[in-house]
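# Structure at a glance
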Amino acid sequence: MTAVAETAEAKISPWLTLKRGLSLSPELRTGLLGTLLLAIVSTVGRGVVPVAVQQGIDNGLLAPGGPNMTVVVTVASAGTVVLAITFLSGYYMNVRLFTVSETALASLRTRTFRHIHDLSMLHQQGERRGVLTARVTTDIDQISQFLQFGGIILIVSMGQVLMATVIMAVYSWQLALAVWLTSMPLVFVIRYLQQQLAKAYAMVREKIGIMLGAISEAVVGAPVIRAYGVQALTSKRVDKSVEDFRFAQFKALKRSVLSSSTGETFNGLALSVVIVTGVYLGVSGDLTVGQLTAFLFLVTLFVQPIMIGTEILNEAQNAISGWQRVLDILDLEPDVADPGDDGLRLPSGPVSVRFSHVDFSYPGGPKVLDDVDVLLPAQTKIAVVGETGSGKTTFAKLLTRLMDPQSGQVELSGVALTDVSFASLRRRIVMVPQEGFLFDDTIAGNVRFAQPDITDAEMYVAFSELGLADWIDGLPQGLETPVGERGEALSVGERQLVALARAYVADPDLLVLDEATSAVDPATELRLSNALDAVTRGRTTVVIAHRLSTAETSDMVLVFDAGRIVQRGHHSELVAEPGSIYAGLHSSWVEQTRSV
């Protein structure tokens, strides 16, 4: 059976989902037999207390001829030893269980994360980021909770019910039957209440997500909120989300208290039945005082697992649902696959690019690129220009194989891009996106993502070669200046400077730049311009040009319109074509520059 077929069947069969989920975590089988043996010892040990009480009363305190303290002391001592063994067995069972389950689930988290990371941009953009994050976090947390607190406890609970039933039946089958008949309705009542409780807490999780989202938006969007004077409206949104969460939490807590109270009520009812029936049997001589007292302990041992077991069944359902969602992700085949060891390496030396009749469209949408056919010679600087939505960014993503075309082929130095191993591809090609994303680290730490072994002295030389030494010297801590989350401690232009330095030390043969100049002050724009000249020198460079001054200094300009290359050539040639798209773009840019 294929993985896809198994997944389809797993959506119908929880057991198959559980089977497939466990097969993804073979570490769970490590030491499983020892853990089960410890669970058995721990379960059997819990039956010692009622038996010890019965023996101590009937053969000790109420022994014929008067109390026999030797029996009492012996029973108490033996019971203490058994309880100590029970405690140690339970402790080591949980330690082994936690260790094995966390090791297994850490491996599953890593595998799921890497698979998500390997999915194409299309897959990642088709899902909300929070949903993908949840696969690695909360979904696996649900599995962890079940494995650590549910799986073994469910087995222990079943064993405890069986053990209590056997001991009760040995003492009095009539009283054991009475306890079973009294407690059975509890199974169905608690089951129903737990289902309602699961729905209530699902609503709590939904409301807390909305509340956190509203609060996060209010914090991140504080400048916009203040600029438009909508503090009152924002506060109203946050207050409503907080109130909705409070109401959902209150509703869930009421159902939780009802569930707990119901269990206690049935426990009390069972004890009452035991006392009344036990006294009747005792009067008729069918039950001793010790046995009746032991029954009172056994009722608790019997009822408690029923209450716990129904709750664990809900946890099992949540875990299976979590496993199913993880399986759904793992069964997604990346549409941009790494050939791995079977892949080719790019030939050494300068890289040329060839697009051969390439078409591309996003799912359910029109063509974004239509019959793109162009050769980009090695060691040339190519500017890609066009209106917003003309296909420029998609062209760059196909060039760096963040996505693959629906038809046609992209080649680097005569090698089909789909045949090149990712290891070779990423060493030879670097893309610097427009936002210049930075990690929450220092400037040096971000640059080392491209070259882990580079020293601070070598890094400073790199910044100097880019004309950025004075900028680094002017920062509070130089290269060790923290950039903050997503680089927000730096300005937009400064983030781009760090991104360019990171690309520069990577020393690629093909550099793809999504030029970022918006919201940049003149001094930073000059630094960016000088750094761009240094970074692009001597290598094949494709620049998505927002400033047409970049196009003016390029070897070739590609003009995109509605997904097609409508013009190509040098700036001086294209700008001289009257009524052309490029001439219009250049004219508009010149007017905007003058007005500024």
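What comes next is a walk through the structure. Here the structure is a predicted model, which is why all the values come from computation and not from measurement. (Residues numbered from 1 in each chain as written. Predicted model: local features only at pLDDT ≥ 70, side-chain atom pairs only at ≥ 80, totals over all residues. Heavy atoms only, no water.)

### A word on the overall build of the protein chain
So the rule is basically this: Secondary structure follows DSSP: runs of H or I at least 4 residues long count as helices, runs of E at least 2 residues long count as strands, and numbering of each begins at the N terminus. Throughout, a contact is declared for two residues whenever any of their heavy atoms are within 4.5 Å. Per-residue and other accessible areas follow the Shrake-Rupley method at a 1.4 Å probe size, with only the shown protein chains counted as cover for residues.
When you go through the protein chain residue by residue, the secondary structure sums to 22 helices and 10 strands. A separation of at least 24 residues holds for 76% of the contacts in the protein chain among residues at least 6 apart in sequence. For the protein chain, the computed accessible surface area is about 30,300 Å², with 61% contributed by carbon and sulfur atoms.

### What to know about the environment of Arg427
You can see Arg427 is positioned in helix H14 (residues 422-428). Each C-alpha atom, one on Arg427 and one on Leu510, is 9.7 Å from the other, the two residues being 83 residues apart in sequence. Those residues within four positions of Arg427 in sequence are excluded, and the remaining contacts are Arg345 and Pro508.

### Remarks on the nonpolar core
Counted only if it meets this: Working definition of a nonpolar core: buried Ala, Val, Leu, Ile, Met, Phe, Trp, Tyr and Cys residues. They are joined through side-chain atoms within 4.5 Å. For each residue, the accessible area found with a 1.4 Å probe, counting protein chains only, is set against the maximum for its type, and the residue is called buried under 20%, exposed over 50%, and partly exposed in between.
Grouped together as the largest cluster of nonpolar side chains are 35 residues, with contacts concentrated most on Phe355, Val372, Leu376, Phe395, Leu412, Leu510 and Leu558. Considering every element that reaches this core, the biggest residue donor is strand E2 (residues 367-376), with 5 residues. Once you skip the residues sitting within four places of it in the chain, Leu558 turns out to touch Val374, Leu376, Ile382, Ala383, Val384, Val385, Phe395, Ile565, Gln567 and Arg568. Core analysis: the second largest hydrophobic core is formed by 34 residues, Val447, Ala462, Phe463 and Val498 among them.

### Remarks on unusual backbone geometry
Within the chain, Gln379 stands out as a residue other than glycine whose phi angle is a positive 55°. A positive phi is found at Arg401, a non-glycine position, where the angle reads about 55°. Here Arg401 lies in the loop between helix H13 (392-399) and strand E4 (407-412).

### A short note on the pattern of salt bridges
For the record, the criterion: What counts as a salt bridge is simple: a side-chain nitrogen of Lys or Arg found within 4 Å of a carboxyl oxygen of Asp or Glu.
Tallying each qualifying case throughout the model produces 10 salt bridges. As a salt-bridge pair, Asp404 and Arg401 come within 2.9 Å of each other at their nearest N and O atoms. Residues Asp404 and Arg401 agree in their burial class; the two are buried. A salt bridge links Arg539 to Asp507, with the shortest nitrogen-to-oxygen separation between them at 2.7 Å. In this pair, Arg539 sits in the loop between helix H19 (522-536) and strand E8 (540-544) while Asp507 sits in the loop between helix H18 (492-506) and strand E7 (510-514), placing the two residues 32 residues apart along the sequence. Bridged by salt links that share partners, the residues Asp359, Lys367, Asp370 and Arg564 form one connected network.

### Brief notes about H18
Every α-helical turn comprises 3.6 residues, leaving residues that sit three or four positions apart pointing alike. Going by this rule: Multiplying 1.5 Å by the helix residue count minus one yields the expected span of that helix.
If you check H18, its first and last C-alpha atoms are 22 Å apart, about what 15 residues at 1.5 Å a residue would give, namely 21 Å. Across the 15 residues of H18, 13 count as buried, placing the element largely inside the fold. Downstream of H18 by one or two residues, Asp507 has phi in the positive range, about 55°.

### Focus: the packing of aromatic side chains
Keep this limit in mind: Any pair of Phe, Tyr and Trp rings, taking the six-membered ring for Trp, is counted once the centres come within 6.5 Å. Such a pair is stacked with planes under 30 degrees apart, edge-to-face with planes over 60 apart, and tilted for the rest. The criterion is that NZ of a Lys, or CZ of an Arg, lies within 6 Å of the ring centre and within 35 degrees of the ring normal, and then a charge sits over that ring.
Under the criterion given, the structure shown has 6 aromatic pairs. Following the ring pairs from residue to residue traces out a cluster consisting of Phe355, Phe395 and Phe560. The cationic tip of Arg426 hangs over the ring face of Phe422; the distance from NZ or CZ to the ring centre is 5.1 Å.

### Comments concerning the sheet that holds strand E10 (residues 564-569)
How we decide: At least two DSSP bridges between two strands are required for those strands to pair. Between the N-to-C directions of two axes lies an angle of 0 to 180 degrees, each axis being a line fitted to C-alpha atoms and, for a helix, fitted only over the stretch in contact.
A sheet is described by the order of its strands in space; here 6 strands give the open sequence E6-E7-E8-E3-E9-E10, paired in mixed fashion. Because the sheet does not close on itself, it has two edges, and the strands there are strand E6 (429-432) and E10. Across the sheet, the axes of successive neighbouring strands diverge by a mean angle of 15°, strand direction being ignored. Where E7 meets E8, 5 bridges bridge the pair, whose relative direction is parallel. Its bridge partner being in E8, Leu513 is matched across the sheet by Val543. On the sheet, H13 packs against strand E3 (381-386), E6, E7, E8 and strand E9 (556-561) and is oriented at approximately 150° with respect to E8.

### Focus: the pairing of E2
Taken together, the 6 bridges between strand E1 (residues 353-361) and E2 define a ladder with antiparallel strand orientation. Paired with Ser361 across the strands is Lys367, a residue of E2. As consecutive antiparallel partners, E1 and E2 are separated by 5 residues, and within that stretch Gly364 has a phi angle of approximately 75°, a positive value.

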